[in-house]
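Chain and residue survey
These are the residues of each chain, in order.
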Amino acid sequence: MNTGKPVQLTHQIKCATFTLSNNSNSLVMAGNQKYGRGISVGILDLNNSELTKEIKSDTNQSYGNTPSFITLTPDERYAIVGCSAGSTTNYVVFDLTTPHEIIQPPLITLDADPKISLLLNNDQMLTGTRNGQVILWDIPSCQRILSLNDNGQSAHRDRVTDLKISPDRSFFLTTSADGTAKIWDTNSKELISRLTGHKREVIHIKINTHPNTQIVCFSHSR
C-alpha cells in the first residue's frame with residue numbers, strides 16, 4: 001500500500017478467491033491445483049509476504065469449478081470454500097489447524113449460489129437455496145441440521161437472494177425472489193416477522209445500526 005508495487009511471493013499459489021483474517025494480518029486464499037483438480041488453501045502473512053501454510057485436497061477428488069467463495073469461522077479454525085458444480089455448490093471445509101499438507105476435506109452439496117451463505121458461529125452455517133430453502137448445517141461434519149420453515153413450508157417460495165445477521169447476532173434476515181424478507185431468531189431459528197410489500201424480487205438487504213434502532217433497507221430489480 002505504501003509503494004504501490006506488487007509483492008513478490010517466495011512461493012506461488014493459485015488464488016481464485018480470498019478473505020482477510022480477523023486482525024487483517026493474514027490473507028487466506030483458495031484456488032485450484034494443477035490441471036484444475038483439487039483445491040489449495042494458503043495462508044499469506046501480510047507483514048512479511050510469506051506463505052505460512054498451504055493445505056491441499058486430494059487431487060483424485062474433483063469439487064466442481066474454480067473456487068468462487070471463501071469464509072472463515074470466527075475462531076479462524078475452519079475455512080469454508082464454495083465451488084459451483086452446475087446448478088449446485090460444493091462447500092468444502094478445511095481445518096486450518098491440521099498438521100497435514102494433503103487432506104480429504106469433508107463437503108456438503110447444496111442447490112445454492114456459492115455466496116448465499118451466512119456464518120452463525122464457529123460450528124454452524126446457513127445456506128439459502130435456489131428453491132427457497134434455508135438450510136442450517138454443521139461445519140466440522142458437513143451434515144445438515146435442519147431447514148427453516150414458515151408454518152410448515154419452506155422459508156421462501158422462490159430462490160433465496162441474500163442473508164444478513166444483526167450486529168448483536170440476535171437475529172438474522174433472509175430475502176428472496178418471492179418478494180419477501182423474513183426475520184429469524186438466531187437461537188431458536190424461529191420466524192419473528194415477515195416483511196412484505198415488494199412487487200418483485202428482493203435482491204439485497206442491509207442493516208443500519210443507530211443508538212436505539214435498527215433500520216433494514218431493501219433494493220429490488222426494476
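Description of the structure in this document. Bear in mind that the values here come from a model prediction, so they are computed numbers and not experimental data. (Residues numbered from 1 in each chain as written. Predicted model: local features only at pLDDT ≥ 70, side-chain atom pairs only at ≥ 80, totals over all residues. Heavy atoms only, no water.)

Right, let's get into the packing of aromatic side chains. Centre distance and the angle of the planes are the two values used to describe a pair of aromatic rings. As enumerated under the stated definition, the model contains three aromatic pairs in all. Ring geometry for Y91 against W137: centres 5.8 Å apart, planes inclined by 40 degrees, an arrangement best described as tilted. With Y91 in strand β7 (residues 88–95) and W137 in strand β12 (residues 134–138), this residue pair connects regions lying 46 residues apart in the sequence. Residue classification places Y91 among the buried positions, given a relative accessible area of 0%. Ring geometry for F172 versus W184: centroids 6.5 Å apart, planes at 10 degrees, classification stacked. Here F172, found in strand β17 (residues 171–176), pairs with W184, found in strand β18 (residues 181–185); they are twelve residues apart in sequence, far enough to count as distant. For F172, a relative accessible area of 0% puts it in the buried group. Here a set of aromatic residues connected by ring pairs shows up, and it is made of F69, Y91 and W137. (Phe/Tyr/Trp six-rings, centres within 6.5 Å; stacked < 30°, edge-to-face > 60°. Helix = DSSP H or I, 4+ residues; strand = E, 2+ residues; numbered from the N terminus. Buried < 20%, exposed > 50% of the residue type's maximum accessible area, 1.4 Å probe, protein only.)

Across the sheet, which stays open at both edges, the four strands sit in the order β16-β17-β18-β19 with antiparallel pairing between neighbours. The open sheet is flanked by β16 (160–165) and β19 (191–195), the only strands paired with a single partner. Across this sheet, the average inter-strand angle for adjacent strands is 20 degrees, counted without regard to direction. (Pairing = 2+ DSSP bridges. Axes fitted to C-alpha atoms, helices over the stretch in contact; angles between N-to-C directions.)

Pairing of strand β3 (residues 39–45) with strand β4 (residues 50–57) involves six bridges; the strand directions are antiparallel. Residue pairing for β4: D45 is matched across the bridge by E50. Between β3 and β4, which pair antiparallel one after the other, the connecting turn spans four residues, and S49 there sits at a positive phi close to 60 degrees. Pairing of β4 with strand β8 (residues 102–103), which is carried by two bridges, proceeds in the parallel orientation. Bridge pairing links K56 to I102 in β8.

Turning our attention to the nonpolar core. Among the nonpolar cores identified, the biggest contains 16 residues, and I39, V41, V81, F94 and L96 are the most heavily contacted of them. Residues within four places of I39 in sequence aside, it is in contact with G31, Q33, I55, K56, S57, Y63, P67, V81, C83, V92 and F94. Within the second largest apolar cluster, 14 residues are counted, among which are F69, Y78, V93 and C142. (Core = buried A, V, L, I, M, F, W, Y, C linked by side-chain atoms within 4.5 Å. Contact = heavy atoms within 4.5 Å.)

A few words now on the state of the cysteines. On inspection of all chains with the given rule, the structure shows zero disulfides. Its sulfur unpaired, C83 is 12 Å from the next cysteine sulfur, which belongs to C142. Exposure remark for C142: the relative accessible area of 4% places this residue in the buried category. (Disulfide = S-S within 2.5 Å.)

Where burial is concerned, most of strand β2 (residues 26–32) is hidden: seven out of the seven residues are buried. Where strand β1 (residues 17–20) and β2 come together, four bridges link them in antiparallel fashion. Looking at the pairing, L20 lines up with L27 of β2. In this structure, the hairpin formed by β1 and β2 is closed by a connection of five residues, where S24 is found at a positive phi of approximately 65 degrees. In this sheet, β3 lies alongside β2 in antiparallel orientation, the contact comprising seven bridges. By the bridge assignment, N32 is partnered in β3 with I39.

Right, let's talk about the side chain of D162 for a bit. Its place among the elements puts D162 in strand β16. Residue D162 is classed as buried on the basis of its relative accessible area of 11%. One polar contact links D162 to K164, side chain to side chain, over a distance of 2.9 Å. Among all residues touching D162, those that are not within four sequence positions of it are I116, L173, T174, T175, I203, H204 and I205. (Polar contact = N/O pair within 3.5 Å; in protein donor to acceptor, adjacent residues only side chain to side chain.)

On to the pattern of salt bridges. Counting across every chain of the model gives five salt bridges. Residues R77 and D95 are paired through a salt bridge, measuring 3.0 Å at the closest nitrogen-oxygen approach. With R77 in the loop between β5 (69–72) and β6 (78–85) and D95 in strand β7, the pair connects residues that are 18 residues apart, well separated along the chain. Salt-bridge contacts for D150 lead to K182; the nearest nitrogen and oxygen are separated by 2.7 Å. (Salt bridge = Lys/Arg side-chain N within 4 Å of Asp/Glu carboxyl O.)

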